[in-house]
Amino acid sequence: MSRLLHTGQVIVDLVMALDTLPATGGDVLAQSASFEAGGGFNVMAAARRNGLPVVYLGRHGNGRFGDLARAAMQAEGIEMALAASAGKDTGLCVSLTEATTERTFISHIGAEGELNAEDLARVVPQLDDYVYVSGYSLLLEVKAQPLIDWLLALPREIVVVFDPGPLVKAPDSALMRTLLPRIDIWTSNGPEALAFTGALDIAAALPELSQHLPAETLLVVRDGPNGCWVGRTGSVEHVPGFKVLAVDSNGAGDAHAGVFIAGLAKGLKPAEAARRANAAAALAVTRWGPATSPGTAEVDALLTE
């Protein structure tokens, strides 16, 4: 059976809801605050809740944040390939959600920012696995090169999924030039695709992305409540979204990615998997917090309304 092997970073989010961010040097009161597992956990939880076995290949710390991250992964049935790292805790992200649902993040990397070849060798990928790669990993000096080397050594049958995130904004770094030919699925939101290609809109970004990627790479570009665009070079289609009352956009893209991969693993065609992913993202934005992806039954219910 297919699995999702996640090579990114599980961190802990300090999630706070507020009307609007203060000006520099200012001070505001938040309506709520809580510690939640986040980062790569969001994608893994979404996939696991929709029937796909998941293995976390990253590191996790031995302090209170590491304990929280492990408890969350255990509760979701996510397998951890590595034991807790000694001497360093899991990292923290302050996640601020304004009344507009816009999010602002401030992150500090912990044990999850380190990974070596010996760590990655602990898991033997199967030919029907999906390997998830986060753009954040490429920014981590200790982790990036061992991860790239490991990815390039994988059999071609294994599907590599790349999520650039908001910080990978160009295709011209040495690491990106090395990784681009190995990407089988690109998943991002619209602003990330625009930043990466320099295009002015998603319609222009899609062919630009295809110029940097192999022709057979499957593109998934999310367009907020409008749904997403999915397909391969010359055959990209729009899959409409669902109208909901959004309260927090944090984790919606991760829910989309995890449910999309779970759909593909079950044999769905890309457009069918994208429709399920759109439904999951729509439900996720109606809830507060980072890992708010629904499970299979909730997605089914929305699709049949």
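Per an unreviewed UniProt entry, the recorded name for the protein is Sugar kinase, and the organism is Pseudomonas simiae.

Let's talk about the overall build of the protein
Counting its regular elements, the protein contains 10 helices and 13 strands. Against the compact-globule benchmark of 19 Å for 305 residues, the protein has a radius of gyration of 18 Å, which places it among compact chains. Dimensions of the protein along its principal axes, counting C-alpha atoms only, are 50 × 45 × 40 Å. The 305 residues of the protein split such that 53% are buried. Taking all contacts inside the protein whose residues are at least 6 apart in sequence as the whole, residues at least 24 apart take part in 70%. Carbon together with sulfur atoms contributes 56% to the accessible area of the protein, which is approximately 13,100 Å² in total. Put simply, the protein has 22 plus and 34 minus side-chain charges, and the middle of one group is 4 Å from the middle of the other.

Some thoughts on the sheet that holds strand β13 (residues 235–239)
On the basis of which strands lie adjacent, the open sheet formed by nine strands has the order β5-β4-β1-β8-β9-β10-β11-β12-β13 and mixed pairing. Where the open sheet ends on each side, the last strands, each with one partner, are β5 (79–80) and β13. Inspection of the sheet shows strand β4 (residues 54–56) paired to β5 by two bridges, in the parallel sense. Paired with Tyr56 across the strands is Met80, a residue of β5. Of the strands in this sheet, β1 (4–6), β4 and β8 (130–134) are in contact with helix α1 (residues 40–49), which crosses β1 at around 170°. Its contacts with the sheet put helix α8 (residues 252–265) on β1, β8, β9 (159–163), β10 (185–189), β11 (218–222) and β12 (228–232), and the angle it makes with β11 is roughly 150°.

Some words on the pattern of salt bridges
All chains considered together, the criterion is met by 10 salt bridges. Arg59 is the partner of Asp119 in a salt bridge, and the nearest nitrogen-oxygen pair spans 2.8 Å. Of the two residues, Asp119 is situated in helix α3 (residues 117–120) and Arg59 in the loop between β4 and α2 (64–76); the sequence distance between them amounts to 60 residues. Assessed through its relative accessible area of 10%, Asp119 is described here as buried.

Some details on the UniProt feature "domain: Carbohydrate kinase PfkB" (unreviewed entry) in the protein
In this structure's numbering, the residues bearing the UniProt feature "domain: Carbohydrate kinase PfkB" (unreviewed entry) are residues 3–293. Annotated as 32% helix and 23% strand, the span residues 3–293 places its first and last C-alpha atoms 18 Å apart.

A short note on the environment of Val236
Mapped onto the elements of the fold, Val236 is located in strand β13. In the structure, Val236 is positioned 93 residues away from Lys143 in sequence and 33 Å away in space, judged by C-alpha atoms. In contact with Val236, not counting residues within four places along its chain, are Leu206, Trp229, Val230 and Gly231.

Conventions used here
- Residues numbered from 1 in each chain as written.
- Predicted model: local features only at pLDDT ≥ 70, side-chain atom pairs only at ≥ 80, totals over all residues.
- Heavy atoms only, no water.
- Helix = DSSP H or I, 4+ residues; strand = E, 2+ residues; numbered from the N terminus.
- Rg over C-alpha atoms; globule rule 2.2 N^0.38 Å.
- Buried < 20%, exposed > 50% of the residue type's maximum accessible area, 1.4 Å probe, protein only.
- Contact = heavy atoms within 4.5 Å.
- Areas by Shrake-Rupley, 256 points an atom, 1.4 Å probe, with all protein chains shown as cover.
- Lys, Arg positive; Asp, Glu negative; His and termini not counted.
- Charge placed at Lys NZ, Arg CZ, Asp CG, Glu CD.
- Pairing = 2+ DSSP bridges.
- Axes fitted to C-alpha atoms, helices over the stretch in contact; angles between N-to-C directions.
- Salt bridge = Lys/Arg side-chain N within 4 Å of Asp/Glu carboxyl O.
- UniProt positions renumbered as here; feature names shortened; annotations may be inferred.

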